[in-house]
2 protein chains.
Amino acid sequence: MMKKPYHELSREQLQELHEQLLKDYENAKDRGLNLDMSRGKPSISQLDMGMGIFDVLNSESDMKSSMEKVDVRNYGAPDGLMEAKQMMADIMGVSADHVIVCGNASLNIMYDTVSRSMTQGVMGSTPWCKLDRVKFLCPSPGYDRHFGITEYFGIEMIPVPMTPQGPDMDIVEKLVAEDAGIKGIWCVPKYSNPQGYSYSDETVRRFAALRPAAEDFRIFWDNAYVVHHLYEDRQEEILEMLSECGKAGNPDMVYEFASTSKISFAGAGISAIAASKGNLDFIRKSMAIQTIGFDKVNQLRHVRYFKNFEGIKAHMRKHAAILRPKFEAVQEVLERELEGLEIGTWTKPNGGYFISFDALDGCAKAIVEKCKEAGVILTGAGATYPYGRDPKDSNIRIAPSFPTPEEMAMATDLFVLCVKLVSVEKLLGM
Amino acid sequence: MMKKPYHELSREQLQELHEQLLKDYENAKDRGLNLDMSRGKPSISQLDMGMGIFDVLNSESDMKSSMEKVDVRNYGAPDGLMEAKQMMADIMGVSADHVIVCGNASLNIMYDTVSRSMTQGVMGSTPWCKLDRVKFLCPSPGYDRHFGITEYFGIEMIPVPMTPQGPDMDIVEKLVAEDAGIKGIWCVPKYSNPQGYSYSDETVRRFAALRPAAEDFRIFWDNAYVVHHLYEDRQEEILEMLSECGKAGNPDMVYEFASTSKISFAGAGISAIAASKGNLDFIRKSMAIQTIGFDKVNQLRHVRYFKNFEGIKAHMRKHAAILRPKFEAVQEVLERELEGLEIGTWTKPNGGYFISFDALDGCAKAIVEKCKEAGVILTGAGATYPYGRDPKDSNIRIAPSFPTPEEMAMATDLFVLCVKLVSVEKLLGM
C-alpha cells in the first residue's frame, strides 16, 4: 500500500502507478457493477421496517382525531390535525401552535413558500416577481433540490462557503445587511446535505441575530435530518431556531421545514412547516385558496403508529442500525485506500444521509464519469453547487443509504480507484 | 295552501301573509335547528362505505406497482403510478398517457396550474405576472373556490351567463377572440356547481373550436362530478373534451381535472390532470422542481381497492343511493311549498352535489341571513359569483349531501319559510 502523497511522487513513479491503475480499472469494468449511490433514498430494509403503519387503520378504526373530533376522512382542518402538529412540533422542538402539517413532502412546502413569495410577497411585502432582482444565499456545497427551486423561479443564487460549523457567517452577515435584494438563504442546519455538518451554537445565534436589509428576508431552515442520528453516543443537537429568532428580536425571520419522508416512507410521509404566528397566518391565507385540506388520514396513521416522539426516536434507532454499516463501509475503504495520499478529503458524519468528498481541483467530473463507465452512479459532479457549477470541480456527494453494506464497499472500491486514476492523470498533466 | 303567485296578491293579503310567516319564523327559531348545508361535503354514511380501502394494504402487502415494479414507498414515479393513471384516465374517458396523477386534491392542481402560469407562463408564453392585465371568464353562478384562486392571483374575473346547456357560447366566443388578455375560463362541464347542468354536445364542440386571441388561453375543465350520477336511468354524459380539442385543431387548449375526493374520501383521495403531451411535458418540468413524487401508497391503495372503472361505478351507485333521498327531500319541499308562487326557481339535477336556487332579485342575502338566524347555514349569498358579488342578489347554492334526508327536509322547510318571508317583505317594499 503506497502511503506517500501522490504529489511527492516522481514522474516515473506516477507513470508506473498510472499503468497499474489503468489495468485495475479495466478489470473493474469487466466486473459489470450496477450500483446507484446518487440519491438519498431509504433502503428496502428501512422501508420494510415501517410496514406496521399499514395495520393501524382498518375498516374497523375510529377515524376521528382524538384531540378535535375531526373526521379525518372528510374536508376540514386545513392546517393539519392537532395531534399531527404535536408530533411534528416535538420532532422540531417547537410548540404545536407554531406548526402547520401539510402533504407528503417538505420539498413541496419549500417550493410553495418560494412560489407564494413570488406572486404574493411575504407578509405584505412587494411580490418578488415584481422586483428587478431577487437573490438567495446558497451555502455550498448544498442540496441540489434547494438550488433547483430558486433557479426555477429565476432567483439569482450566490454561493457562500460552508465550514464544519455551518455557513461562513462573516459573509452571510455582510451580504444580507448590504443588499436588500437578498431575500433568503437555504440551510440544512443538522447533518447537512452533503457534508453531515451540524451548525454550531454560535452559527445558529448569529443566524437568529441577522440584520437583513430586506424586511422580507427569510431563512429557509430545512431540518430534514433532525432525528437522523447514526450513533447513539455521538448525537449532535443544534439550538432550536424559532425561539433563538424570537430571543434575537427576529421572530418572523425563519421558516423551518421537516418531514417523515426518511422516517416512515419517502413517498408517503407527512411534512410540516414551523414559523411565527405572523408567518403562519399569512401562509394559512394562501392555503385556504390552495386546498380544502391535506391528507389527514395519513396524518392520523402516522400518529397512531409512532404514538409520540419517543416512538419516532425508537424507530430511528432501528434505521441507524441499518444505515451505520453502510456509512462505515464507505469510511473504511476511503481510509484504507486514500489516507495519506493527499488526493482527497471527506467528511465523517454522525448522522444524515450523505458523505461529502473533495477531490483535487478539476477532478470531480472525471471521477464521476469514470465511475459511471464502470457501473457506479454517483450524484452528478457540480450538483452540490448553484447552477450545477462547482467552481473548483472538486466536490462529490456520496449517498450510502440505498445499496447494501457489501455493495457500498464494492462501489467505494471502484470510487477510490477512479479517484486515484484521475488524480494521477491530473498530476501527470494528461 | 296558497298557490296564487305572490305578485298577484293585494297589499292586504300580503300583509296578512307576512304576519303569519313572521309567527311561523319565530316558532322555527325556537326549534333550535343546527344544520349545515353550506358545503359539498360527503356524509358520514358515504365515508363509511369506503372503509374497506384501509384493509387492502397491510404489513404483508406487496408494495410494488404491478405495471412498473416501482416500490411505492420510496421516491420515484413523480407523475404517478401507471395503474393509477389508467384508473383516472378511465374515469375521464381519456388515454393513460395523457394523465398525471397527483396528491389528494384536484383543487391543489388547479391552484398550481394558475400559480405556474403566473411565474413561468404557459408552454413558453410570457409569465402572466409580467403582464399588465390577465383575465378569466367565469361562467356564473359557478364554484366559489375556482373564483377564489383567480382572485388570489389578482386575475380579473368576467362573469359569463350560464344556461342549462352550459355557458353562453356566443359571449365566450366573442370575448376570447377579441381580447388577448383573457387567459382562461373555469368550467364544471358535468353536473355543474351549483346548477347540476351538463354541457350539451354543441357547447363542448364550440368550446373545443374556440379561436382565442391569446395563444396561452386555457380551458380549466373541472370534471369534478364525472361519475357522480344520482339516477341509474338518467345518467348524463358529455363529450370527451381532450379528443374534441384535438379534432378541432386545439390539442393544447384544455386542462382537465378530476379526483376521487367525492368517490373515496374528501380528505384522502387521489387527483389527476389530463392534457396534451405538450402541456404535460411543461407541467412535468415544474413538478420535477416541486416534488420528488406524490403519495404513491395512496395511489396503489385506491387501485387495489376499486380495481378498475367498473369498481368505481359500482361504488358510485352506492353513493347515489345515499344522496338521492336527500336531493329528493329538498325537491319535495321546494315543489310543495313554492310551486306556483313565482318567488323562486330551482334546478333539478340528475347528478353532482348541488341544487341552485334563484330567489326574487335582491332577496338572496336576506334569505341566507334569516336561515342562519334560525340555525341553518347555507353557502354565503354571492359566493357563486366572482368576487362574491351576485349582481341580482338572487342565487343561493343548496348542498344537500351532508345532513340526513330528515334533516334536509327540516332545513328545507325553514329555507322555504325564509324565502316566503323575505319575498313578501320585498313585495311590501319593507
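Colleague: What exactly am I supposed to notice about the domain arrangement of chain A here?
Modeller: Accessible area lost upon the coming together of the parts is a frequently used measure of interface size. Residues and elements named next belong to chain A. In terms of domain boundaries, chain A breaks down into domain 1 (6-46 + 314-427) and domain 2 (62-307). On a C-alpha basis, the centroid separation for the pair domain 1 and domain 2 is 31 Å. Facing the 24 residues of domain 1 at the interface are 27 residues of domain 2. For the side of domain 1 that touches domain 2, the elements supplying multiple residues, two or more each, are helix 11 (309-338), strand 11 (355-359) and strand 13 (395-398).

Colleague: Is there a simple way to explain the sheet that holds strand 3 (residues 135-140) of chain A in this structure?
Modeller: Two modes of strand pairing occur in sheets, parallel and antiparallel, and in both the strands are linked by backbone hydrogen bonds. If you walk across this open sheet you meet the eight strands as 2-9-8-7-6-3-4-5 (chain A), and the pairing is mixed. Of all the strands in the sheet, the pair left with one neighbour each is strand 2 (99-101) and strand 5 (166-167) of chain A.

Colleague: For this particular structure, what's the right way to read the relation of the copies chain B and chain A?
Modeller: Between the two copies, chain B and chain A, the superposition gives an RMSD of 0.1 Å; the rotation angle is 180 degrees and the shift along the axis is 0.0 Å. The two molecules are tied by a two-fold rotation axis, judged by turn and shift. When the interface residues of chain B are mapped onto chain A, 100% of them again lie at the interface, so the same face is used by both copies.

Colleague: Would you explain the packing of helix 1 (residues 11-30) of chain A against helix 13 (residues 405-427) of chain A in this entry?
Modeller: Each packed pair of helices is defined by two parameters, the angle between the axes and the distance between the axes. All names here are of chain A. Two elements in contact, helix 1 and helix 13, have axes separated by 9 Å at closest approach and are oriented at 145 degrees. Here the hand of the crossing between helix 1 and helix 13 comes out left-handed. Counting all contacts with helix 1, which are made through Leu14, Leu17, His18, Leu21, Leu22, Asp24, Tyr25 and Ala28, the residues of helix 13 involved are Leu414, Leu417, Lys420, Leu421, Val424, Glu425 and Leu427. When grouped by side-chain class, the residues that make up the contact of helix 1 with helix 13 number eleven nonpolar, one polar and three charged.

Colleague: Explanation requested: the interface of chain B and chain A in the structure shown.
Modeller: Listed as interface residues are 46 residues of chain B and, on the opposing side, 46 residues of chain A. At the level of elements, helix 2 (44-49), helix 4 (106-120), helix 5 (144-152), helix 9 (277-290) and helix 10 (296-306) of chain B are the ones that each hand at least two residues to the side of chain B that touches chain A. The element best represented in the side of chain B that touches chain A is helix 4 of chain B, accounting for six residues. Of the residues assigned to the side of chain B that touches chain A, the class counts are 23 nonpolar, 16 polar and seven charged.

Colleague: What should I look at first to understand the sheet that holds strand 10 (residues 344-346) of chain B in this one?
Modeller: All names here are of chain B. Strand order in the open sheet made by the three strands is 10-11-13, with antiparallel pairing throughout. What marks the edges here is a single partner per strand, and that holds for strand 10 and strand 13 (395-398). Across the sheet, the mean angle separating the axes of adjacent strands is 20 degrees when strand polarity is ignored. With three bridges joining them, strand 10 and strand 11 (residues 355-359) adopt antiparallel strand pairing. Each bridged residue has a counterpart across the sheet, and for threonine 345 the counterpart in strand 11 is aspartate 358.

Colleague: Mind showing me how you'd approach the environment of Asn74(B) here?
Modeller: Secondary-structure assignment places Asn74(B) in the loop between helix 2 and helix 3 (82-92). Not counting residues within four places of it along the chain, the set of residues in contact with Asn74(B) comprises Lys41(A), Pro42(A), Leu47(A), Ala266(A) and Gly267(A).

Colleague: Looking at this structure, I do not really get the pairing of strand 8 (residues 254-259) of chain A. What am I missing?
Modeller: All names here are of chain A. Burial runs high along strand 8: six of the six residues are buried. Burial along strand 8 is two-sided: Val254, Glu256 and Ala258 facing one way and Tyr255, Phe257 and Ser259 facing the other are all buried. Both strand 7 (residues 218-222) and strand 8 contribute to a ladder of four bridges, which runs parallel. Bridging from a neighbouring strand, phenylalanine 220 pairs with tyrosine 255 of strand 8. In the classification by handedness, the crossover that spans strand 7, the intervening helix 8 (residues 241-247) and the parallel strand 8 is right-handed.

Colleague: Where do I start with helix 4 of chain B in this structure?
Modeller: Along an α-helix, residues three or four apart share an orientation, since each turn contains 3.6 residues. Here helix 4 of chain B spans 20 Å end to end across 15 residues, near enough to the 21 Å set by a 1.5 Å rise per residue. In terms of burial, helix 4 of chain B is largely enclosed, as 15 of its 15 residues are buried.

Colleague: Please explain helix 1 (residues 11-30) of chain B as it appears in this structure.
Modeller: Counted at 1.5 Å a residue, the expected span for helix 1 of chain B with its 20 residues is 28 Å, and the 29 Å between its end C-alpha atoms agrees. Gly32(B), located one to two residues past helix 1 of chain B, shows a positive phi value of around 60 degrees.

Colleague: Would you explain the environment of Arg11(B) in this entry?
Modeller: All names here are of chain B. With respect to the helices and strands, arginine 11 occurs in helix 1. For arginine 11, a count of 10 C-beta atoms within 10 Å puts it in the exposed group. In sequence terms arginine 11 and isoleucine 343 are 332 residues apart; their C-alpha atoms lie 16 Å from each other.

Colleague: Got a minute to help me understand the packing of helix 4 of chain B against helix 5 of chain B in this structure?
Modeller: Residue and element names in this part refer to chain B. Packing of helix 4 against helix 5 leaves a shortest axis separation of 10 Å and a crossing angle of 25 degrees. In terms of orientation, helix 4 lies roughly parallel with respect to helix 5. As helix 4 packs across helix 5, the resulting crossing turns out to be right-handed. When helix 4 is examined against helix 5, the residues Leu107, Met110, Tyr111 and Val114 are found in contact with a partner set consisting of Arg145, Ile149 and Thr150. The residue inventory of the contact of helix 4 with helix 5, partitioned by class, reads five nonpolar, one polar and one charged.

Colleague: I tried to follow the confidence of the model for chain A on my own but got confused; where do I start?
Modeller: Regions with low pLDDT carry predicted coordinates that are not meant to be interpreted in detail. Here chain A shows a mean pLDDT of 96. Residues at 70 or above account for 100%. The ipTM assigned to the predicted complex is 0.96, against a pTM of 0.97.

Colleague: Is there a simple way to think about unusual backbone geometry in this case?
Modeller: Ser140(A) connects to Pro141(A) through a cis peptide bond whose omega is 0 degrees. Mapped onto the elements of the fold, Pro141(A) is located in the loop between strand 3 and helix 5 (144-152). Cis geometry marks the peptide bond from Asn193(A) to Pro194(A), where omega comes out at 10 degrees. Phi at Tyr191(A) is positive, roughly 45 degrees, even though this residue is not glycine. In this structure Tyr191(A) comes out as buried when scored by C-beta crowding, with 25 C-beta atoms within 10 Å. Even without a glycine there, the phi angle at Met123(B) is positive, about 50 degrees. Secondary-structure assignment places Met123(B) in the loop between helix 4 and strand 3 (135-140). Residue classification places Met123(B) among the partly exposed positions, given that 16 C-beta atoms sit within 10 Å.

Scoring rules and cut-offs
- Residues numbered from 1 in each chain as written.
- Chains lettered and ligands numbered in written order.
- Predicted model: local features only at pLDDT ≥ 70, side-chain atom pairs only at ≥ 80, totals over all residues.
- Domains from an automatic or database assignment.
- Contact = placed C-beta atoms within 7 Å.
- Helix = DSSP H or I, 4+ residues; strand = E, 2+ residues; numbered from the N terminus.
- Pairing = 2+ DSSP bridges.
- Least-squares fit on C-alpha atoms with pLDDT ≥ 70 in both.
- Axes fitted to C-alpha atoms, helices over the stretch in contact; angles between N-to-C directions.
- Left-handed = near helix turned anticlockwise from the far one by under 90°.
- Nonpolar A, V, L, I, M, F, W, Y, C, P; charged D, E, K, R; others polar.
- Buried ≥ 20, exposed ≤ 12 C-beta atoms within 10 Å, placed from the backbone.
- Right-handed = clockwise from strand over helix to strand, strands pointing away.
- Expected span 1.5 Å × (residues − 1).
- Parallel < 35°, antiparallel > 145°, perpendicular 65-115°, else oblique.
- pLDDT = per-residue confidence, 0-100.

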